[in-house]
Amino acid sequence: MTTVQKTVLIIDDTPANLGVLVDYLEQHDLCVVVAQDGEEGLMRAQFLHPDLILLDVMMPVLDGLETCRRLKDDARTHDIPVIFMTALGETRDKAAGFQAGGVDYITKPFQAEEVLMRLTTHLNLYHTTRQLQKTVAQLNQAHAELVRSETLAALGAMVAGIAHELNTPIGNGLLIASTLTDLSRSMTRDLKDGKGLTRSALEKYLNEANEVGDILQRNLERAGSLINSFKQVAVDRTSAQRRKFRLADVVTETVLLLSPTLKTTPYEVMHGIDHAIELDSFPGPLGQIITNLINNAVLHGFEGRSHGCIHISADIAPSGLLELTIADDGVGIPEAHLQRIFDPFFTTKMGAGGSGLGLYVCYNIATTVLNGQIQVSSAPGEGTRFLLTLPLKV
């Protein structure tokens, strides 16, 4: 594997005195570039972006301290480590250099071997730091992708909920519409066959048509109401726009979306939110938190239980903050797990439906997007209670 040659920029107004040092460094596989004053050094640093800078303190016009300050103020050269070279040895001079942004000091006259050792140490540190920064950036990107996958999974569940809830009123509507069509065709055949139209037959048809029409209208209105609700939820979840909304509406719509999943379990969700509670916040992220907490209770809270209930309630605290509680009467959480419950990737169900991101996403949304807090209290056998404390206006 080929090693990339490191570049060292030396800024010194008497470069003739550096000949031996430059030769020695080049013999040890370093590319050395020399600038004769601070201004030239700044330009070379911006153009070459060296791996390290050796900077003389005592220079005319633009001294080393000011040159270092300008290097650190420039985003292009801010991260380049700077080692000062000076004949001064007093503590206050060294302190001034560190305050300006230097990482080390070499006192003249210096030994080439010592300079090489210091350069090697700081070059390795610089390289390691860069690698760590890249690793952190990659981890952040991977984390963002995982959170995005979690959100997409929630959206997938929402689509399934929409399809399931719409299936009933639309299916009923189709059945009723076909019944009305059959009644009309039967009457049309009787008329074509010359059987005539009696008053009783007409009254029977009109009564049945009105009844069927009423049922059809109720189912279509139900479907229309569901579509409007789902459309608002979809907009809220995908755009995370701030708006005024009633908390009761968000809770009701969220539970409705989860009803297909809940119907396959022996667990139920009960909620009774005061319709007077209004927020000026982000309903989509708030709905995501409620979804994740309900799913968490279903997945973890009732293990080994043949029944269970999740209660959602809300109140306005004396402080004026909203206190939203999602609690279950399940098996509870061991104390050892409570300390880690909001950590990313922490789950006791890895490979069995748990990603370890659900509660972490809740914590991030509550504290950053909604500008609030989320707390958990639990004990084995006594259920689990999540408390969201949120401002009514973000």
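All figures in this text were calculated on a predicted structure; none of them were measured in a lab.

Draft legend 1. Fine view of the overall build of the protein. Looking only at helices and strands, one finds 10 helices and 12 strands in the protein. Within the protein, the proportion of its 394 residues that are buried is 41%. Considering only residue pairs separated by 6 or more positions, the protein has 68% of its internal contacts joining residues 24 or more positions apart.

Draft legend 2. Just the sheet that holds strand 1 (residues 6-11), in detail. Across the sheet, five strands lie side by side as 2-1-3-4-5; this open sheet has parallel pairing. Looking along the sheet, the strands with just one partner apiece sit at the ends: strand 2 (30-35) and strand 5 (104-107). Pairwise comparison of adjacent strand axes, ignoring direction, gives a mean angle of 20° for this sheet. Pairing of strand 1 with strand 2 involves six bridges; the strand directions are parallel. Its bridge partner lying in strand 2, Leu9 is registered against Val33.

Draft legend 3. The sheet that holds strand 9 (residues 308-316), seen in detail. In spatial order, the strands read 7-9-10-12-11; together these five strands make up an open sheet with mixed pairing. With one partner strand each, in any of the chains shown, strand 7 (267-271) and strand 11 (373-378) form the two edges of the open sheet. Direction aside, the axes of adjacent strands within the sheet are offset by 15° on average. Its contacts with the sheet put helix 7 (residues 247-262) on strand 7, strand 9 and strand 10 (322-328), and the angle it makes with strand 7 is roughly 170°. Packing of helix 10 (residues 358-369) onto the sheet brings it into contact with strand 11 and strand 12 (384-390), and relative to strand 11 it is tilted by some 140°.

Draft legend 4. Molecular detail of the packing of aromatic side chains. Using the criterion set out here, one finds five aromatic pairs in the structure. When the ring of Phe342 is compared with that of Tyr363, the centres are 5.7 Å apart and the planes differ by 35°; the resulting orientation is tilted. Highlighted residues: Phe342 in the loop between helix 9 (335-338) and helix 10 and Tyr363 in helix 10, separated in sequence by 21 residues. Taking the relative accessible area as the measure of exposure, Phe342 reaches 17% and is therefore buried. Through a chain of ring-to-ring contacts, the aromatic side chains of Phe84, Phe98 and Tyr105 assemble into a single cluster.

Draft legend 5. Representation of helix 8 (residues 283-301) in the model. A rise of 1.5 Å per residue sets the reference length of helix 8, with its 19 residues, at 27 Å; its end C-alpha atoms lie 25 Å apart and thus fit the reference within 8%. Counted residue by residue, helix 8 has 16 buried out of 19 residues, so it is predominantly covered.

Draft legend 6. Quick look at the nonpolar core. Core analysis: the biggest nonpolar cluster contains 40 residues, and Leu247, Leu286, Ile294 and Ile312 have the highest contact counts within it. The set of elements that each furnish at least two residues to this core consists of helix 7, strand 7, helix 8, strand 9, strand 10, helix 10 and strand 12.

Draft legend 7. Looking closely at the pattern of salt bridges. Tallying each qualifying case throughout the model produces 10 salt bridges. Put simply, Arg69 and Glu66 hold a salt bridge, and the shortest N to O gap is 3.3 Å. Taken together, the residues span about one helical turn, with Arg69 and Glu66 both in helix 3 (residues 64-73) at a distance of three residues. The salt bridge partner of Asp343 is Arg340, with a shortest N-O separation of 4.0 Å.

Draft legend 8. Fine view of the pairing of strand 10. The buried fraction of strand 10 is high, at six of seven residues. Bridge analysis of strand 9 against strand 10 gives seven bridges, and the strand direction is antiparallel. Within strand 10, the position partnered with Asp315 by the bridge is Glu323. Between strand 9 and the antiparallel strand that follows it, strand 10, lie five residues; Gly320 among them carries a positive phi value of about 90°. Of the strand pairs in this sheet, strand 10 and strand 12 are connected by seven bridges, and their pairing is antiparallel. The partner of Asp328 across the bridge, within strand 12, is Thr384.

Draft legend 9. A look at the packing of helix 2 (residues 38-48) against helix 3. Where helix 2 contacts helix 3, the axes come no closer than 10 Å and their chain directions differ by 25°. With respect to their mutual orientation, helix 2 and helix 3 come out roughly parallel. Along this stretch, helix 2 crosses helix 3, giving a crossing that reads as right-handed. The residues of helix 3 that touch helix 2, namely those facing Gly38, Glu39, Leu42 and Ala45, are Thr67, Arg70 and Leu71.

Draft legend 10. Up close: the UniProt feature "modified residue: 4-aspartylphosphate" (unreviewed entry) in the protein. When the UniProt feature table is mapped to this numbering, "modified residue: 4-aspartylphosphate" (unreviewed entry) covers Asp56. Structurally, Asp56 can be placed in strand 3 (residues 52-56).

Draft legend 11. Broad picture of unusual backbone geometry. Look at Val61: it is not a glycine, yet its phi comes out positive at around 65°. In this structure, Val61 sits in the loop between strand 3 and helix 3. Positive phi is not limited to glycine here, since Asn371 has a value of about 60°. Assessed through its relative accessible area of 52%, Asn371 is described here as exposed.

Draft legend 12. Region of the structure containing the environment of Gly97. Residue position: Gly97 is located in helix 4 (residues 91-100). Spatially, the C-alpha atoms of Gly97 and Gly64 are 8.5 Å apart, while their sequence positions differ by 33 residues. Residues contacting Gly97, with those up to four places away along its chain left out, are Leu65, Phe84, Gly102 and Tyr105.

Draft legend 13. Examining the environment of Cys309 more closely. As for its placement among the helices and strands, Cys309 is situated in strand 9. Each C-alpha atom, one on Cys309 and one on Asp329, is 6.1 Å from the other, the two residues being 20 residues apart in sequence. Setting aside residues no more than four positions away along its own chain, Cys309 makes contact with Glu268, Met270, Phe302, Ala327, Asp328 and Asp329.

The rules we used
- Residues numbered from 1 in each chain as written.
- Predicted model: local features only at pLDDT ≥ 70, side-chain atom pairs only at ≥ 80, totals over all residues.
- Heavy atoms only, no water.
- Helix = DSSP H or I, 4+ residues; strand = E, 2+ residues; numbered from the N terminus.
- Buried < 20%, exposed > 50% of the residue type's maximum accessible area, 1.4 Å probe, protein only.
- Contact = heavy atoms within 4.5 Å.
- Pairing = 2+ DSSP bridges.
- Axes fitted to C-alpha atoms, helices over the stretch in contact; angles between N-to-C directions.
- Phe/Tyr/Trp six-rings, centres within 6.5 Å; stacked < 30°, edge-to-face > 60°.
- Expected span 1.5 Å × (residues − 1).
- Core = buried A, V, L, I, M, F, W, Y, C linked by side-chain atoms within 4.5 Å.
- Salt bridge = Lys/Arg side-chain N within 4 Å of Asp/Glu carboxyl O.
- Parallel < 35°, antiparallel > 145°, perpendicular 65-115°, else oblique.
- Left-handed = near helix turned anticlockwise from the far one by under 90°.
- UniProt positions renumbered as here; feature names shortened; annotations may be inferred.

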